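Examination of the molecular architecture
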Amino acid sequence: MIGFTTLSNLATIRRYTSRRASSYDVEGKNADAWRLKPGECREILVTDRPGCIKHIWSTLGPEGPEYAYPRKIVIRMYWDGEETPSVEAPIGDFFGMGHGMLKDFVSAPLQMGPSGGRGMNCWFPMPFDSARITVTNECSVDLHLFFYIDYEEYDAPHGPEIARFHVQWRRENPTQGWLTTRLGPGHMEPWQTANLSDKDNYLILEASGEGHYVGCHLDIDCFQRQGNDWYGEGDDMIVIDGEPWPPRMHGTGTEDYFSMAYCPQTEYCAPYHGLILYSGNKDWPFKGKNSMYRYHIEDPVRFTKSIRVSIEHGHANKLSYDYSSTAYWYQVEPHGPFPKLLPVEERLPRPSEPGFPDNSVPIPPSI
């Protein structure tokens with residue numbers, strides 16, 4: 001059965017068989033990448049035996065420069081013979097970084113790096129009684145895909161208490177803000193506007209069933225000046241099991257939910273929270289692309305019927321910016337319907353404005 005290894009129990013012998021699926025050259029040479037044509041979908045793991053994925057590593061790149069290719073490649077995971085995926089996300093976002101970028105960072109469950117984020121790692125455990133994982137190349141050129149999937153194989157199926165891993169990607173570009181004019185310093189009127197509902201918030205996750213939410217990363221591109229140009233002060237709101245307003249979990253601001261404070265402008269990463277992309281400058285501090293994460297590893301959010309995780313885009317949803325997110329959770333199957341994944345042209349990041357860094361065009365060395 002599934003087991004979780006920590007330093008404290010590393011000496012305990014558990015009953016499982018170690019397995020790996022990888023892209024290695026079965027002819028014993030060094031052609032260790034799978035080559036996917038444009039539009040091609042390949043299965044990278046198929047097994048009908050019970051098990052649990054413990055680690056996924058990948059590095060990849062198109063054949064020649066390709067704009068924002070981590071948003072053009074889609075990973076999907078299907079558990080226990082289901083017809084619709086429990087995991088569906090652009091591959092860069094799946095591994096913890098948005099905006100079509102790769103970038104060095106370290107968190108407990110997800111990491112990229114070194115060498116500009118080229119090595120991507122996921123440590124979320126993923127139990128299954130059977131599993132199928134696919135990667136789809138939606139680039140305009142061939143894709144070279146290297147991967148390891150390290151997993152445990154068990155003699156018996158999982159019990160009903162073992163939930164399945166889920167990932168969902170969303171984007172709203174732009175959010176529908178109501179502040180249409182730029183206000184000067186000291187204008188606090190928009191912050192006095194009341195918001196007593198989550199209906200206009202940016203939606204990070206909506207799921208039905210029983211399980212627990214284990215976090216997200218949020219990727220914001222601030223492309224126009226509104227108010228004081230600060231994307232924060234948007235409260236997080238988590239509505240559990242359709243409870244009446246106010247919800248039991250209501251936050252105090254965007255940076256607060258991501259365990260930061262006071263308009264952070266320093267890139268930082270810790271095991272469970274971080275600001276891994278900051279693009280502003282002294283003239284326009286919050287302009288451009290920003291990425292932050294909060295993973296509920298020690299404090300998963302339990303739900304028994306449904307969950308709705310959202311955040312205001314600016315206080316009372318005043319701001320019109322580009323928001324995207326990737327949510328991670330575990331639940332008992334079956335899961336509810338996912339929103340239809342946006343077509344590739346609607347997943348691409350906004351080009352960065354002159355004078356601000358544009359790291360959304362990673363150009364890999366030849367493979």
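Residues numbered from 1 in each chain as written. Predicted model: local features only at pLDDT ≥ 70, side-chain atom pairs only at ≥ 80, totals over all residues. Heavy atoms only, no water.

Scanning the model with the defined rule gives three cavities of 30 Å³ or more in all. Computed from the structure, the second largest cavity encloses a volume of approximately 40 Å³. The wall of the second largest cavity is formed by Ile44, Ile56, Ser58, Ile75, Ile91, Phe95, Val135, Leu145 and Phe147. Where the lining of the second largest cavity is concerned, the elements lending two or more residues are strand S4 (51–62) and strand S12 (143–153). (1 Å grid on protein atoms, 1.4 Å probe; cavity = no way out; pocket = protein on both sides within 12 Å on 5 of 7 lines; lining within 4 Å. Points joined across faces, edges and corners; volume = space filled by probe spheres on them. Helix = DSSP H or I, 4+ residues; strand = E, 2+ residues; numbered from the N terminus.)

Within this model, the largest pocket holds a volume of roughly 720 Å³. Contributing to the lining of the largest pocket are 22 residues, with Phe4, Trp123, Phe124, Pro125 and Tyr330 lying nearest its centre.

This part takes up the nonpolar core. The biggest cluster of nonpolar side chains holds 50 residues, and the ones touching the most others in it are Ile53, Met77, Phe94, Phe124, Met126, Ile149 and Phe165. Excluding residues that lie within four positions of it along the chain, Ile53 makes contacts with Leu45, Trp79, Phe124, Pro125, Met126, Phe128, Ile133, Ile149, Asp150 and Tyr151. Judged by nonpolar contacts, the second largest core, of 31 residues, contains Tyr202, Ile204, Phe258 and Val309. (Core = buried A, V, L, I, M, F, W, Y, C linked by side-chain atoms within 4.5 Å. Buried < 20%, exposed > 50% of the residue type's maximum accessible area, 1.4 Å probe, protein only. Contact = heavy atoms within 4.5 Å.)

Within S4, ten of the twelve residues are buried, which leaves the element mostly enclosed by the surrounding structure. With three bridges connecting them, S4 and strand S10 (residues 126–128) associate as antiparallel partners. Bridging from a neighbouring strand, Gly51 pairs with Phe128 of S10. Here eleven bridges tie S4 to S12, and the two strands are oriented antiparallel to one another. Bridge pairing in S12 places Gly61 opposite His144. One ladder, built from three bridges, connects S4 with strand S9 (residues 120–122); its direction is antiparallel. Among the inter-strand pairings, Trp57 is bridged to a residue of S9, identified as Asn121. (Pairing = 2+ DSSP bridges.)

Let's shift gears to the sheet that holds strand S22 (residues 306–311). Here we have four strands laid out as an open sheet, ordered S14-S22-S16-S17, and antiparallel in their pairing. Because the sheet does not close on itself, it has two edges, and the strands there are strand S14 (202–208) and strand S17 (249–250).

Attention now moves to the environment of Ala108. With respect to the helices, strands and loops of the structure, Ala108 is situated in the loop between strand S7 (105–106) and strand S8 (110–112). Sequence separation of Ala108 and Thr59 is 49 residues, and the distance between their C-alpha atoms is 19 Å. Leave out the neighbours within four places in its chain, and Ala108 touches Trp123, Pro271 and Tyr272.

Looking now at the pattern of salt bridges. Any two side chains of opposite charge can pair, on the condition that their charged atoms come close. Using the criterion set out here, one finds 27 salt bridges in the structure. Arg164 is the salt-bridge partner of Asp80, the closest N and O atoms lying 2.9 Å from each other. Of the two residues, Asp80 is situated in the loop between strand S5 (73–79) and strand S6 (87–90) and Arg164 in strand S13 (residues 164–172); the sequence distance between them amounts to 84 residues. Residue Arg164 is classed as buried on the basis of its relative accessible area, which comes to 6%. Members of the salt-bridge network, linked through shared partners, are Arg35, Lys37, Glu63 and Asp142. (Salt bridge = Lys/Arg side-chain N within 4 Å of Asp/Glu carboxyl O.)

The next subject is the side chain of Asp221. With respect to the helices, strands and loops of the structure, Asp221 is situated in strand S15 (residues 211–222). For Asp221, a relative accessible area of 3% corresponds to the buried category. Side chain to side chain, Asp221 and Lys289 meet in a polar contact 3.2 Å long. Setting aside residues no more than four positions away along its own chain, Asp221 makes contact with His99, Gly288, Lys289, Tyr321, Asp322 and Arg350. (Polar contact = N/O pair within 3.5 Å; in protein donor to acceptor, adjacent residues only side chain to side chain.)

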